[in-house]
Amino acid sequence: MKSPLRIGIDVGGTNLRVGVLSSNDLVWESRRQTNFSEICQHNASPEALKRILDTLIETISEACNSYPQVQSVGIGFPGFIDPVSHVISASPNLPGLVNTDLVTPLKERLGLPVWLQNDALAAAYGEFLLIGPDSGSLLYVGLGTGVGSGLILHGKPYTGAHGVAMELGHLIVVPDGRLCGCGNRGCVEQYASGTGIALNYAEHEAVVLDAQKIASLAEHGDTRALRAFEQAAKFLAMALAHVLKIIDVSDVRIGGGLSRSWPLMQPVFLASFEASLIPALRGRIRVGLSNSGDRAGMLGAAMLFSADTCNLEM
Ligand SMILES: [Zn+2]
């Protein structure tokens, strides 16, 4: 008997990926540029919400037209998701989306069950399902427009009491540093994301390039461009080492679009990471690159329907 078909959606600040999945297999996929970040920056929140909803419904309907037997929709969304109400309490990269309910209008308009979870936590769950680590637990770090992360603890996505658990991207690594979309200053995300790397480079070069262009310069021997990546690597390593002092898991996976430039970061990352760990942990953490392509986010989102989350208060 075939596995039921489920839609998994990975919402990013600039991209939207929609997949139809049968168990772990991606049977249909659609990608589009969305610029949700810009929409949220330039529109009042009701208008921004309407445009986000319309885009989601359009792409989901497209999938349903091809696969009318789809049974559910799962969405990984960039923001803090209340673990009980599933309302978006805030989204650092989509300003204005505060206490926003995306699930109810989607359910009403689609007539399908809908699950919503933080995008990095959904990707962590997808990665977990794909690799099935022996330890049963996994910390996933997604490097993209922002820095997201998610913890799977004994097979369950760990949300925290308020949906803010494992926000590694918002650990403060530079006191009074760059202003972050979360409202604080000096967060990892402002140095180690695509946006952060662009800022690292602009600080020395007084020119604004995107992370992809900076990566290309670094790969061709531009030392200042390489330094922008190394700065990212140093802060990411410090933050990750600190998180591991708290949660002490053995398996860490790095994914997201920016992980394609990991070779530029890896040497500095490994040196800073080992130095920042408690000596008892050195050499005992398996940090690997995700090899799921972009699939983990869609897979994890699609399988949220079966995910028994834990937050220690439920
Ligand atoms: Zn922040």
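Above this text sits the structure in question.
What comes next is a walk through the structure.

A word on the sheet that holds strand β4 (residues 72–77). Spatially, the five strands line up as an open sheet ordered β3-β2-β1-β4-β7, and their pairing is mixed. Edge strands, defined here as strands with exactly one partner in the open sheet, are β3 (25–33) and β7 (114–118). Across this sheet, the average inter-strand angle for adjacent strands is 15 degrees, counted without regard to direction. Of the strands in this sheet, β1 (5–11), β4 and β7 are in contact with helix α4 (residues 119–131), which crosses β7 at around 100 degrees. In the packing of helix α10 (residues 295–302) onto the sheet, contacts are made with β1, β2 (15–22), β3 and β4, and the angle to β1 comes to roughly 125 degrees.

Here the focus is helix α2 (residues 45–66). Given 3.6 residues per turn, any residue in an α-helix points the same way as the ones three and four places further on. The terminal C-alpha atoms of α2 lie 32 Å apart, and with 22 residues this matches the ideal 32 Å at 1.5 Å per residue to within 8%. Every buried residue of α2 is accounted for by Ala 48, Ile 52, Leu 53, Thr 55, Leu 56, Ile 57, Thr 59, Ile 60, Ala 63 and Cys 64. On its buried side, α2 packs onto β1, β2, β3, α1 (36–42), β4 and α3 (103–110).

For the rest of this paragraph, the subject is the nonpolar core. Formed by 46 residues in total, the largest nonpolar core has its most connected members in Val 141, Leu 143, Leu 236, Leu 240, Leu 244 and Phe 273. If you list the elements that add at least two residues to this core, you get β8 (138–143), β9 (147–153), α5 (189–192), α6 (194–205), α7 (211–219), α8 (223–247), β11 (251–255) and α9 (262–276). Apart from the residues lying within four places of it in its own chain, the contact partners of Leu 244 are Val 249, Val 252, Phe 273, Leu 277, Leu 281 and Ile 285. If you look at the next biggest cluster of nonpolar residues, it comprises 34 residues, including Leu 5, Ile 7, Ala 63 and Ile 75.

With that settled, consider the pattern of salt bridges. Opposite charge on two side chains permits them to pair, given that their charged atoms come into close proximity. Going through the model one piece at a time under the given rule, you end up with ten salt bridges. Each of Arg 32, Glu 58 and Glu 62 takes part in one network of salt bridges that share partners.

In this section: empty space enclosed by the protein. In the structure shown here, the tally under the stated rule is one cavity of 30 Å³ or more. Size it by volume and the largest cavity reaches roughly 60 Å³. Lining of the largest cavity is provided by Gln 117, Asn 118, Leu 121, Ser 149, Gly 150, Leu 151, Tyr 158, Thr 159, Gly 163, Ala 165, Met 166 and Glu 167. In terms of residue class, the lining of the largest cavity is built from five nonpolar, six polar and one charged.

Bringing unusual backbone geometry into the picture now. One non-glycine residue, Asn 35, adopts positive backbone phi at about 55 degrees. By secondary structure assignment, the location of Asn 35 is in the loop between β3 and α1. One non-glycine residue, Met 166, lies in the positive phi region at around 60 degrees. Considering the arrangement of structural elements, one finds Met 166 in the loop between β10 (156–157) and α5.

Moving on to the packing of α6 against α8. Running from amino to carboxyl end, α6 crosses α8 at an angle of 135 degrees, the nearest separation of the two axes being 8 Å. Our classification of the angle between α6 and α8 gives oblique. For α6 against α8, the interelement crossing comes out right-handed. Where α6 abuts α8, its residues Ile 197, Asn 200, Tyr 201, Glu 203, His 204 and Glu 205 lie against Arg 224, Ala 225, Ala 228, Phe 229, Gln 231 and Ala 232. Taken together, the residues of the contact of α6 with α8 sort by class into six nonpolar, three polar and three charged.

So, on to the pairing of β8. Counting buried residues in β8 gives six out of six residues, a clear majority hidden from the surface. Burial along β8 is two-sided: the residues Leu 138, Tyr 140 and Gly 142 and Leu 139, Val 141 and Leu 143 are all buried. The pairing of β8 with β9 spans six bridges and is antiparallel. By the bridge assignment, Gly 142 is partnered in β9 with Gly 148. Remark: three residues form the turn of the hairpin made by β8 and β9, two consecutive strands paired antiparallel.

Scoring rules and cut-offs
- Residues numbered from 1 in each chain as written.
- Predicted model: local features only at pLDDT ≥ 70, side-chain atom pairs only at ≥ 80, totals over all residues.
- Heavy atoms only, no water.
- Pairing = 2+ DSSP bridges.
- Helix = DSSP H or I, 4+ residues; strand = E, 2+ residues; numbered from the N terminus.
- Axes fitted to C-alpha atoms, helices over the stretch in contact; angles between N-to-C directions.
- Contact = heavy atoms within 4.5 Å.
- Expected span 1.5 Å × (residues − 1).
- Buried < 20%, exposed > 50% of the residue type's maximum accessible area, 1.4 Å probe, protein only.
- Core = buried A, V, L, I, M, F, W, Y, C linked by side-chain atoms within 4.5 Å.
- Salt bridge = Lys/Arg side-chain N within 4 Å of Asp/Glu carboxyl O.
- 1 Å grid on protein atoms, 1.4 Å probe; cavity = no way out; pocket = protein on both sides within 12 Å on 5 of 7 lines; lining within 4 Å.
- Points joined across faces, edges and corners; volume = space filled by probe spheres on them.
- Nonpolar A, V, L, I, M, F, W, Y, C, P; charged D, E, K, R; others polar.
- Parallel < 35°, antiparallel > 145°, perpendicular 65-115°, else oblique.
- Left-handed = near helix turned anticlockwise from the far one by under 90°.

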